[in-house]
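Here is how the chains run, residue by residue.
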Amino acid sequence: MSAATHTPGPWSAQTMEQTDRRYIMSAGPRPHHVARRVHSAADARLIAAAPCLLAAVSGFLAAFDRDENFFGPECDAARAAIAKATGTT
């Protein structure tokens, strides 16, 4: 698996109070917009969780990859999700 080229997490969902506009910000010493317009609060939460979800699924899959007896559709789905998130096929 290649190294991530996306903006490192954590990300947070924010709402501009004056307009109720939602957006995603990165954390860290130099925060910036990851997504400037997000349709709903639920979408914002899901997008903000993406770096954590990717790390969790990658760790989960790494643990199962050490068990040579565990192969199945769940691992295939996890691999496909990671490939989609990282841009690898």
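To be clear, the structure that these remarks concern was listed above.
Residues numbered from 1 in each chain as written. Predicted model: local features only at pLDDT ≥ 70, side-chain atom pairs only at ≥ 80, totals over all residues. Heavy atoms only, no water.

Chemist: Is there a simple way to think about the environment of F60 in this case?
Modeler: By the secondary structure assignment, F60 is in helix α1 (residues 41–65). Sequence separation of F60 and C75 is 15 residues, and the distance between their C-alpha atoms is 9.2 Å. (Helix = DSSP H or I, 4+ residues; strand = E, 2+ residues; numbered from the N terminus.)

Chemist: How should helix α2 (residues 73–86) be read in this particular structure?
Modeler: Within an α-helix, residues lying three or four positions from one another point in the same direction, as the helix has 3.6 residues per turn. Taking 1.5 Å as the rise per residue, α2 with 14 residues should run 20 Å; its terminal C-alpha atoms sit 20 Å apart, in good agreement. For α2, the full list of buried residues reads C75, A78, I82, A83 and T86. Viewed along the axis of α2, the buried residues span an arc of 135°, placing them on a single side of the element. α2 presents P73, E74 and K84 as exposed residues on the side facing more than 90 degrees away from its buried surface. (Expected span 1.5 Å × (residues − 1). Buried < 20%, exposed > 50% of the residue type's maximum accessible area, 1.4 Å probe, protein only. Arc of directions from axis to C-beta.)

Chemist: Quick question: what am I supposed to make of unusual backbone geometry here?
Modeler: The phi angle at D20 is positive, at roughly 60°, despite the residue not being glycine. With respect to the secondary-structure elements, D20 resides in the loop between β1 (11–16) and β2 (21–26). For D20, a relative accessible area of 45% gives the class partly exposed.

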